[in-house]
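Structure assessment
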Amino acid sequence: MPLSLIPIALFALAFLAFNVSLSVRVGRMTELPRWRRALPALLLCAALAASAGRAWGIAEVAEAVAFPLNAATALLGMYELDRQRRRRQRSGAVA
């Protein structure tokens, strides 16, 4: 592996950890319906499955689907966390 790919791999690993932490935090929000709590985790699992397709020689699917699903996981998780933060501020509870 060339040395120039190490920063890219580190960024990908950090982005994966960020997505996992967002999915776990959204999954713990008890005031959300079950499907909205599970959606970021399901999107992340679909992205990981698409990425794993590279091992079986299905790189086209991974290239077309994996990154948009990862981005959707991050955006949806941040949206739900921000929405919860705004709800708490409106109700007067300390975040």
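The present account deals with the structure reproduced in this document. Keep in mind that what you see is a predicted model, and the values were worked out from it rather than measured. (Residues numbered from 1 in each chain as written. Predicted model: local features only at pLDDT ≥ 70, side-chain atom pairs only at ≥ 80, totals over all residues. Heavy atoms only, no water.)

Quick look at the environment of Ala 74
- Inspection of the secondary structure puts Ala 74 in helix α3 (residues 59-91).
- Classification of Ala 74 as buried rests on a relative accessible area of 5%.
- Separated by 59 residues in sequence, Ala 74 and Phe 15 place their C-alpha atoms 8.7 Å apart.
- Excluding residues that lie within four positions of it along the chain, Ala 74 makes contacts with Phe 15, Phe 18, Asn 19 and Leu 22. (Helix = DSSP H or I, 4+ residues; strand = E, 2+ residues; numbered from the N terminus. Buried < 20%, exposed > 50% of the residue type's maximum accessible area, 1.4 Å probe, protein only. Contact = heavy atoms within 4.5 Å.)

Here's the deal with the packing of helix α1 (residues 5-27) against helix α2 (residues 34-52)
- Look at α1 against α2: their axes get within 7 Å of each other, and the N-to-C directions meet at 155 degrees. Here α2 runs roughly antiparallel to α1, going by the angle between their axes. The two elements α1 and α2 meet at a crossing, and its hand is left-handed. Packed against α1, whose contacting residues are Leu 16, Asn 19, Val 20, Ser 23, Val 26 and Gly 27, the element α2 presents Arg 36, Arg 37, Pro 40, Ala 41, Leu 44 and Leu 48 at the interface. (Axes fitted to C-alpha atoms, helices over the stretch in contact; angles between N-to-C directions. Parallel < 35°, antiparallel > 145°, perpendicular 65-115°, else oblique. Left-handed = near helix turned anticlockwise from the far one by under 90°.)

Here we look at the layout of surface pockets
- Each pocket or cavity is described by its volume, and for the largest pocket that value is around 270 Å³.
- Contributions of two or more residues to the lining of the largest pocket are made by α1, α2 and α3.
- Sorting elements by how many residues they give to the lining of the largest pocket places α1 first, with six residues.
- Split by residue class, the lining of the largest pocket holds ten nonpolar, three polar and two charged. (1 Å grid on protein atoms, 1.4 Å probe; cavity = no way out; pocket = protein on both sides within 12 Å on 5 of 7 lines; lining within 4 Å. Points joined across faces, edges and corners; volume = space filled by probe spheres on them. Nonpolar A, V, L, I, M, F, W, Y, C, P; charged D, E, K, R; others polar.)

Quick word on the pattern of salt bridges
- All told, the structure shown has four salt bridges when counted by the stated rule.
- With a closest N to O distance of 3.7 Å, Glu 31 and Arg 87 form a salt bridge. Taken together, the residues span a long stretch of sequence, with Glu 31 in the loop between α1 and α2 and Arg 87 in helix α3 at a distance of 56 residues.
- Judged by relative accessible area, which is 44%, Glu 31 ranks as partly exposed.
- For Asp 82, the salt bridge goes to Arg 86, with nearest N and O atoms at 3.1 Å. One end of the pair is Asp 82 and the other is Arg 86, both in helix α3 and four residues apart, which spans about a single turn.
- Classification of Asp 82 by relative accessible area gives partly exposed; the value is 32%.
- A relative accessible area of 39% means that Arg 86 is categorised as partly exposed.
- One continuous salt-bridge network, built from bridges that share partners, spans Asp 82, Arg 85 and Arg 86. (Salt bridge = Lys/Arg side-chain N within 4 Å of Asp/Glu carboxyl O.)

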